[in-house]
Each structure stands twice: as structure tokens, then as C-alpha cells.
Amino acid sequence: MAEFKKADSMLEWFDQRLGVVNFAKVMMTEYWIPKNINFLWAMGVLLTVLFTFLVVSGIFLLMYYKPDVNMAFDSVNYTIMQEVAYGWLFRHIHAVGASVVFLVIYIHMFTGIYYGSYKKGREMIWVSGMLLFMLFSAEGFSGYMLPWGQMSYWAAYVITEIFGGIPVIGDELVVWIRGNFYVSDSTLTRFFMLHVLLIPLAILGAIVFHFYALRFPHVNNEEGEFFDFDEEAEKYLAGNKKESKVVPFWPVFLSKDFFVLGFFMLFFFYLVFFHYDFAMDPVNFDKADGLKTPAHIYPEWYFLWSYEVLRGFFFEIAGVSGKDLGLMAFGFANAIFLVLPWLDRSPMVKPANQRPYFKYWFWFLMADLIVLTVYGKLPPTGANAWVGFASSMTFLVLFIALPFITKAEAKKVGGK
Amino acid sequence: MDESRRGFIGKAFGAVAAVGGIASLIAMKKTWDPLPSVMSAGFTTVDVSGLEANKLEIAVWRGKPVFILKYSADMKPTDGRSVKIGDHYFSVMIGLCTHLGCIPAYRADQHDFKCACHGGEFTDAGVQKFGPPPRPLDIPPFKLDGVTLVLGEEGPEYKAIMAKAGGA
Amino acid sequence: MKEFKILAVIVALVGITYYGIEPYAHHIMHPEVAPADFSFKTLKNVDTTLAGNVENGKVLVEANCIACHAIDKAGYPAVMPNADAAASYGVVPPDLSSAGRIYDKNYLANFIFDPVTAMHLEGKYTPESGKQFPMPAYNWMSPQEIMDIVAYLQSVTPKVTEGKEANKTTFEAACGRCHNMKYAGIEATTPKDNLKAYMGATPPDLSQYIKSRGEHYLHSFINDPQVLLHGTSMPRVGLTEKAQEEVIAYMEEIGDSKKAERESLGLWVMLYTLVFAILAYLWKRKIWSEVH
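Keep in mind that this is a model prediction, so the values were computed, not measured.

Once that is clear, we can look at the overall build of chain A. Per the secondary structure count, chain A includes 16 helices and two strands. Its C-alpha atoms give chain A a radius of gyration of 24 Å, within 12% of the compact-globule value 22 Å for 416 residues. Across its three principal axes, chain A shows a C-alpha extent of roughly 70 × 60 × 45 Å. Taking all 416 residues of chain A together, 39% fall into the buried category. A fraction of 74% describes how many contacts in chain A between residues 6 or more apart in sequence connect residues 24 or more apart.

Quick look at the structure:
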């Protein structure tokens, strides 16, 4: 056994046994972040806080929710919303939090794309981040089913039906996923399992990995500048805080995060208490009815762009049905972001506004995603259907063209 | 430089954050509280007017069996335990043996209770008379409303019994 | 300054997206309809300026209405149990105790004159359908006689305390024959099977309708269901604006009982968050003043 001398303080006692002093340095006081950052760099901490809100509010909802098709709706809308002390508050925080977390995920994601934080050593951060996006999407989808309202039921029906499009195994796969021929109690309980246990565990693991992947390449900065973190850290520790290009995670970086968090919470709580229809759609306050489809069904806003790509192809092209084209485009759209680091053929790590061609690509993508999102909500009739088709095609073309655009850009910039 | 001011703001900020944390914990504690519907169901009303003498009636109160026994002419009330409702005396007690919680059976011919688990016996007023039970059957809080017995609320008759039991 | 520009860009993009998927999309999915008409001006068959005679009204009501309708508060109890009434007529005929208070005078007079037209159910009770509305039209009565009946009904209506009592009474009288409200422990007085056969579909449980439809929709819908749900079997109920507000208030009491608590706590939480944000900003500024 290692020799343990008598400790002089409680801190030293814990340090002898758990190495807490070093741990605090590595994780906090000597974890170096670039100084030239803006408030967009706070999105990561915002996401951690929102995820914590979701888990804690989820724990209290879990005490009273009943995962049974006959009891789910009332357990939420009577017991939790009207009987349990602060039950309504936990439900509102959970629903609004689930919606707002995607707003912050998108801001976080597009910040990464804008500043080129997905390449030159940061590929694993990007990939684990996209994996988190997919896990959060699955978590959101499974969670939405639980109140067992009309939207819960029909969204579950439509999305599980999609898998029927897969050749050969499609129909059997749909029954296997649902646990029944139609969306029923078995579907509800298995998605309850996914939502409460499996996916949250996977998310926790992915978050740990995402944070770990940040350590070696270091956090990016506003200029995409490369500098020697060890050298800059030395300056800071020597007392040259103003000349150093880095700051410690605690307390400097986190103090900025808390400030951004504070004002963000104003926005968040305003939504929680006074403006929550966008997150708790009125249609879902009708109990699920398998024999009556609502006049308008649509997914939550963060899935709308993807949903529009799915239904953007409404006619046959080259012998392939619109339905199959949509399915393929949908699969492509959801997977393509994962391989972004390899689609960008330019080695430049610079904010988009300093990249001659990429800046157009970026804002074109933003505009296209907004169009897809808005039209994903509108009824797909007449002119809307054609706008949907055009914007879906644009999305596909943008990503197919990216390697060529960035290769040309690299040539142009390298040639200077 | 402004070490002291930074220190002050830092402490103030920390204190405000802590207040938020404590408020959240209080709300979380309240979320665990039994629901209003559970608390209101903590009362059971029994109309004793139709009961037969020397026949045990079992009501349910907060998940527990409550023995309500109307005395026949040859049954004598026990001072400090039997309850007079209208013209008759009744025993009102929780039907769980005070030894280890089994439900004793009423023997109408002997006017007593016998617990099958370990042989304990109680009088018609629930006083232990044989075997392991250490004390008489517990009496639940009750209130009288004419011929209606409300279990769960403390009426004056209940308070009187408790006062006597405390003194003894 | 640069950070404000970045914030402005984000607010703009989010704002445009929000506008498209919320106000704009909802406007497309739920186009505006004509405002509720509480004067029921399309009903013009009876001259409602005539002063009604209450005594004559009582005679007429006893002769024509009591055979099917109870008026409990005036001493006319129900002729038969609800289940039997439903079996005979298809639906339980309403008790008329509250009718004078909750139904608009013009509507009530025109309803007696011709129920199907007043209810806007001409589409359901066509000659081809073979369906007959259980109450006959009293278009053979003179306008004066009809106004006498209306005056009598208004005279027997009991006073109710404003607030919770009025809300519940009006709801039960206006909606309770056909609609359940599970969260209030209310079941429709007409048995389920009769109701389904009579209406064509089971009328929905209203426990959460304040949340799924919202006050704005209900305000228009109750006044004239056909406008928002063409072809529905629900009759135009004929409630006065006040009675309709009582119904909606009751739906809110049962369906969104925590509203007051939510709004008051919300203000406190936002105040707290503001204090938190300001202190966080001051602390950040102090810390960063050492590194800039």
C-alpha cells in the first residue's frame, strides 16, 4: 500500500486519496480556452444546463406518469398538470426545455460549421456532436409519444410507417418496431423505456466523449487561429493575463457562460410560464384516437426541415416513386451532416466570412433550411408543394456540391 | 485591484444562485407530497344505523381494516373504550393485531377476537387478554355525526378516550 | 459591438423562422371567420319587441311544454328518468329552469318558433334524411304567445351567485346533456348509446377543450358551430355572451386550474432571473477586466 502521511487539511486529506487538486487544475483552473471568443461559445454550457433541467424535471414527471394507453393522457393532463404541487411547472419546463434545447443545438451546430470547428483535428468533436444531435432527436421523438395525445399517436404512426419503405424487410420491420401491427400499448411502453433509460444513458456517454474529444485539439477561436496553448498558458500563469491568448475554464470562461446563461434564462422562463404553445401543441390536448386523423399533423418545429425533405418529392422521377425518393433524400439529409469534415476539401480553419466561396454556401444553406422549416409546417398543396421540391433539391445539391466548391476555394486561396 | 469588489460580487452572485437552488428544492419536496385526492380520501364515512348487533362490520380507512361492532343486549360496554352511538354501544378499533399486524377473527358466540397467527385474544372492546399482543387494539380517530361515523377526524368522544388512555 | 451584431443576426433568423411556423402557419391552417353574433340577427321570425305576459306564458308552457320538459326550479320535475327520456326522444330534453337566463331572448323566441332553423341544423334534418327533430316547431303560435312563453321562462329562472356557481350551473344546463367532463366528474345526462345514435358520433369529453381549442376558437365555435365545423351535429346553442363566458370560465376552471398560480409564479421567477442575470454580468465584467 502507498504511504499516507498525516494530512494537514481536509483538502490535503482528499487530495492524498483522490488527487482532487490536480483534478481541479486539469478540469477547471488550468483547462485553457482561447480568449478571442464571442457569446456563441457559451452554447455548450447552455446545453449542459438545459439537459440538466430536462433530466431533473423528467425525474419528477416520472413519479406520476403512467405508461399505459388508457392512463397516460390523464396522468399527464389531470394528475401532473392539475393535482401534483408544481407538476405543471415540471411539465412546462420539460416540454419547453425539449424544444429550446434544439434551438441551442442548431445555434451550436451552425457556429461549428461557420467557424470550421469540425476539421483539422476536431473531426471527433464534430462526429460525437452529430451523434448527440441524433440521440436528442430520438429522445425528443420518443418523449413526444408519451402524453398520448393526437399528435403523439399520429406522429408515431407516420414515422414508424416510414420504415416500411425499406426494401424486403420493411413491413416486418414496422411491426417489430411497434410491437404490434398498429401503434398501441406495446409501442408506448417500449418508447417509454427508450426515453427514460436507454437514450439518456447513451446521451450521457456521448456527452462525456464529446467533452473528452475537445481536450487534445483544444476549443476553436473566432479567427480560427492556431497557437501554442502551452506557451500561452505559461504567460497566464506567470501573471501576464492580458498578453496571454488563453483564459482558464474556471473562473474566466465560465463567468462569461453564466452571464449568457442568465439572460438566456429570462427568455427561457418567459416561454415556460407565458408562451408555450409552440412546445405544447394544442392538438396534443386531444386524447389519441386511432380512428381519427387530425386535419393538420406536423412534427415538432426542429424536425420540420427534415420532414419537408421527406415529403418534398411528391412525383415519380426516372421510375422511382416519390415516396421512395423522399425516403432516400430523408436518409441522406440526416446522415450527410456527419461526414461534413470530409466533404469540406479546404484545409482553411477560418470563420465563413473570411472564406471566399464557403460564405455563400453557408448562408445559402441557412436560407434553405429556413424555407424547408417553414414549408414543412404549411399544408403541402399547390405552390407549397413545388417550393418544397425546390428547397429539398437545393439541400441535396448544396451538399453534393460542397466538395467541389471547397476544392476550388482551396485552390484560389492557396494560389495567392 | 478590485479584489474585494470582485469578491463581493462573486459572493452576491453565489448567494442569489443558492437562493434559486433552495427554492427549487422546496418545490421538489412539495412535488413528493401526497396528492389532494389522497388526503381527502383519508376519511371514511360509515352509517351505523343499519348494523346488526354482535356481527362484525369491517370498514376500510387509509388502507386499514376498521372493526365496527354493535353490542348486543348481553354485551357490557368497557369504560374508556366503548363508544355510545344513539342508543347502542359500539367498539370502533383498527382490526390489526397489536402483536405483528394480522387481522383477528371475531367469535360471535364468545364475544371476543382470536388472532390466528400466534394465538392472541382480545375482548369485545379490543383489550388484549391472552397471548403475545402487548396492548389493546388501536382506536382510529373518529367523529360522530348523528348515526354517522367519520373515520379520520378527531371528534370529542375520541379525544376523551385518548385522554383516559393517557391517564391509565 | 460585434457580439450585438451576431445576436441581431440570430434574433433575425430565429424570428423569421418563428413567424413562418407559428403565426403565419396558424393563419393558413385556421383562417379568420366572421365574429360571433350574440344578437342572432339572422333569426327574424318573431317580433321580440313585444312585451311578454308572464301569466299567459305559464298557461301556454303548462299546456305545450311540460309534457316533455322539466322545469325543476318552478316545481315541474322530470316526467321520466333520463334513460327513458333518451330512449323515447333520442336525447334527454333539457330542463328549462335556466333557459330564461342563459339563452338569448331573440334566439329563444325563434327557437320555439322553429327549432331546427334556430340551431342551424337544416343540413341534418332534411326531408331526405328521414330524421325528425324530437321537438315540433311552434310556428302556428302568434308572436305574442311566443314572447309570453319567453317572459315566463325568464321569470322562473333562479338567481345564481356570479362566479363558480354560475359557471357550473350554466355549463351543466347548456352542455351537460351531451358532453362528459371527466375531470369535473360530470357525465352526460343522456346515456352514451342513445347519444351516439342521436348525434351520429359521440360528443367529445370537454375536460381539456380549453387547452386543445383555446378561448378564441371556443368563443366563435359555441356561438355558431357550423361556421368552424361545417356539417357538425352540434346545435347552435343560443347562449348570451355572458352565459357563453361562464361556460368558457368553467372549462378553464376544470381544464387549466393552475393558470393563476402559473402566471403569478412566472412573474416572480422572471424577476429572480433578472437579478441573477445582472449579477452574473457584473461578476463576468470584474473577472474579464483582468484579462482584457
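Now for the overall build of chain C. What chain C contains, in helices and strands, is 14 helices and zero strands. In chain C, the order of α-helices and β-strands from amino to carboxyl end is α-α-α-α-α-α-α-α-α-α-α-α-α-α. Taken over the C-alpha trace, chain C has a radius of gyration of 26 Å; the compact-globule value for 292 residues is 19 Å, which it surpasses by more than 25%. If one aligns the C-alpha atoms of chain C with their principal axes, the spans along those axes are about 95 × 40 × 40 Å. For chain C, restricting intrachain contacts to residue pairs at least 6 apart in sequence, the fraction spanning at least 24 positions comes to 75%.

Turning our eyes to something else, we now look at the interface of chain B and chain C. With ten residues of chain B at the contact, the number on the chain C side is nine residues. Counted by class, the side of chain B that touches chain C contains five nonpolar, two polar and three charged residues.

In this section: unusual backbone geometry. Omega for the bond connecting Trp250 of chain A with Pro251 of chain A falls within 30 degrees of zero, at 5°, which places this linkage in the cis form. Counting through the fold element by element, Pro251 of chain A comes out in helix H11 (residues 249–274). Phi is positive for Tyr86 of chain A, which is not a glycine, with a value near 65°. Positive phi, normally seen in glycine, also occurs at Phe40 of chain C, with a value near 50°.

Once that is clear, we can look at the nonpolar core. Within the largest apolar cluster, 136 residues are counted, with the highest numbers of intra-cluster contacts made by Leu108, Val150, Ala174, Leu239, Val247, Met251 and Ala280 of chain C. When neighbours within four sequence positions are excluded, Met251 of chain C is seen to be in contact with Leu206, Tyr209 and Ile210 of chain C. Grouped together as the second largest cluster of nonpolar side chains are 25 residues, Leu56, Phe90, Cys97 and Cys115 of chain B included.

The relative placement of two packed helices comes down to the angle between their axes together with the axis-to-axis distance. Residue and element names in this part refer to chain A. Close contact between helix H6 (residues 123–145) and helix H7 (residues 150–162) brings their axes to 8 Å; oriented N to C, the two are set at 130°. By the angle class used here, H6 and H7 are oblique. Within the contact between the two elements, H6 uses Phe141, Tyr144 and Met145 and H7 uses Ser152, Ala155, Ala156 and Ile159. Its residues placed into classes, the contact of H6 with H7 shows six nonpolar, one polar and no charged.

Let us now look at the environment of Leu132 of chain A. Residue and element names in this part refer to chain A. Residue position: Leu132 is located in helix H6. Of the residues examined, Leu132 has 22 C-beta atoms within 10 Å and is grouped as buried. As a C-alpha pair, Leu132 and Glu243 span 111 residues in sequence and 36 Å in three-dimensional space. Setting aside chain neighbours within four positions, we find Leu132 in contact with Ile203, Ala206, Ile207 and His210.

Attention shifts here to the interface of chain A and chain C. Contacts between the two partners involve 44 residues from chain A, matched on the other side by 39 residues from chain C. Counting residues per element, the ones that place at least two in the side of chain A that touches chain C are helix H4 (72–83), helix H5 (87–115), H11 and helix H15 (358–377) of chain A. Considering each element in turn, the side of chain A that touches chain C owes the most residues, 15 residues, to H11 of chain A. Its residues placed into classes, the side of chain A that touches chain C shows 31 nonpolar, seven polar and six charged.

So, about the domain arrangement of chain A. As a measure of interface size, the accessible area lost when the parts come together is often cited. Residue and element names in this part refer to chain A. Per the domain assignment, the segments making up chain A are domain 1 (21–288) and domain 2 (299–416). Inter-centroid distance (C-alpha atoms) of domain 1 to domain 2 is 23 Å. Contacts between domain 1 and domain 2 engage 21 residues on the former and 19 residues on the latter. Those elements that place two or more of their residues in the side of domain 1 that touches domain 2 are H5, H6 and H7. Residue contributions to the side of domain 1 that touches domain 2 peak at six residues, all from H6.

Under the domain assignment used here, chain C contains domain 1 (1–31) and domain 2 (32–255). Spacing between the C-alpha centres of domain 1 of chain C and domain 2 of chain C amounts to 44 Å.

Glancing now at the packing of helix H8 (residues 164–175) of chain C against helix H13 (residues 241–255) of chain C. Residues and elements named next belong to chain C. Here H8 crosses H13 at 105°, and the two axes come no closer than 8 Å. Regarding the angle of H8 to H13, the classification is roughly perpendicular. The segment H8 lies against H13, with Lys164, Ala166, Asn167, Lys168, Thr170, Phe171, Ala174 and Cys175 engaging Ala243, Glu246, Val247, Ala249, Tyr250 and Glu253. Looking at the contact of H8 with H13, its residues break down into eight nonpolar, two polar and four charged.

Attention now goes to the sheet that holds strand S7 (residues 112–114) of chain B. All names here are of chain B. Spatial strand order, S6-S7-S8-S9: four strands in an open sheet with antiparallel pairing. Here the strands that pair on one side only, and so sit at the sheet edges, are strand S6 (105–107) and strand S9 (128–130). As defined by bridge partners, S6 adjoins S7 across three bridges and the pair is classed as antiparallel. Each bridged residue has a counterpart across the sheet, and for Tyr106 the counterpart in S7 is Phe113.

It is worth spelling out the sheet that holds strand S4 (residues 83–85) of chain B at this point. Residue and element names in this part refer to chain B. One open sheet accounts for four strands, arranged S2-S3-S5-S4; its pairing is antiparallel. Among the strands making up the open sheet, the edge pair consists of strand S2 (56–61) and S4. Neighbouring strand axes in the sheet, compared pairwise and without regard to direction, differ in orientation by 35° on average. Pairing of strand S3 (residues 64–70) with strand S5 (residues 88–94) involves five bridges; the strand directions are antiparallel. Bridge pairing links Leu69 to Ser91 in S5.

Bringing the environment of Glu409 of chain A into the picture now. All names here are of chain A. Relative to the helices and strands, Glu409 is located in helix H16 (residues 383–415). Each C-alpha atom, one on Glu409 and one on Tyr357, is 6.0 Å from the other, the two residues being 52 residues apart in sequence. Discounting chain neighbours no more than four positions away, the residues touching Glu409 are Ser346, Arg355, Pro356, Tyr357 and Phe358.

Turning our attention to the pairing of strand S10 (residues 142–145) of chain B. Residues and elements named next belong to chain B. Residues of S10 alternate between two faces, with Phe142 and Leu144 buried on one and Lys143 and Asp145 left unburied on the opposite face. Strand direction decides the pairing type here: S10 and strand S11 (residues 148–151), joined by four bridges, are antiparallel. Bridge pairing links Asp145 to Thr148 in S11. Between S10 and S11, which follow one another and run antiparallel, lie two residues, and Gly146 among them has a positive phi close to 70°.

Let's shift gears to H7 of chain A. Residue and element names in this part refer to chain A. Compared with the 18 Å implied by 1.5 Å per residue over 13 residues, the 18 Å span of H7 between its first and last C-alpha is a close match. Regarding H7, the residues found buried are Gln150, Met151, Ser152, Tyr153, Trp154, Ala155, Ala156 and Thr160. Contacts from the buried residues of H7 go to H6, helix H8 (170–178) and helix H9 (185–215).

Basis of the calculations
- Residues numbered from 1 in each chain as written.
- Chains lettered and ligands numbered in written order.
- Predicted model: local features only at pLDDT ≥ 70, side-chain atom pairs only at ≥ 80, totals over all residues.
- Helix = DSSP H or I, 4+ residues; strand = E, 2+ residues; numbered from the N terminus.
- Rg over C-alpha atoms; globule rule 2.2 N^0.38 Å.
- Buried ≥ 20, exposed ≤ 12 C-beta atoms within 10 Å, placed from the backbone.
- Contact = placed C-beta atoms within 7 Å.
- Nonpolar A, V, L, I, M, F, W, Y, C, P; charged D, E, K, R; others polar.
- Core = buried A, V, L, I, M, F, W, Y, C linked by C-beta atoms within 7 Å.
- Axes fitted to C-alpha atoms, helices over the stretch in contact; angles between N-to-C directions.
- Parallel < 35°, antiparallel > 145°, perpendicular 65-115°, else oblique.
- Domains from an automatic or database assignment.
- Pairing = 2+ DSSP bridges.
- Expected span 1.5 Å × (residues − 1).

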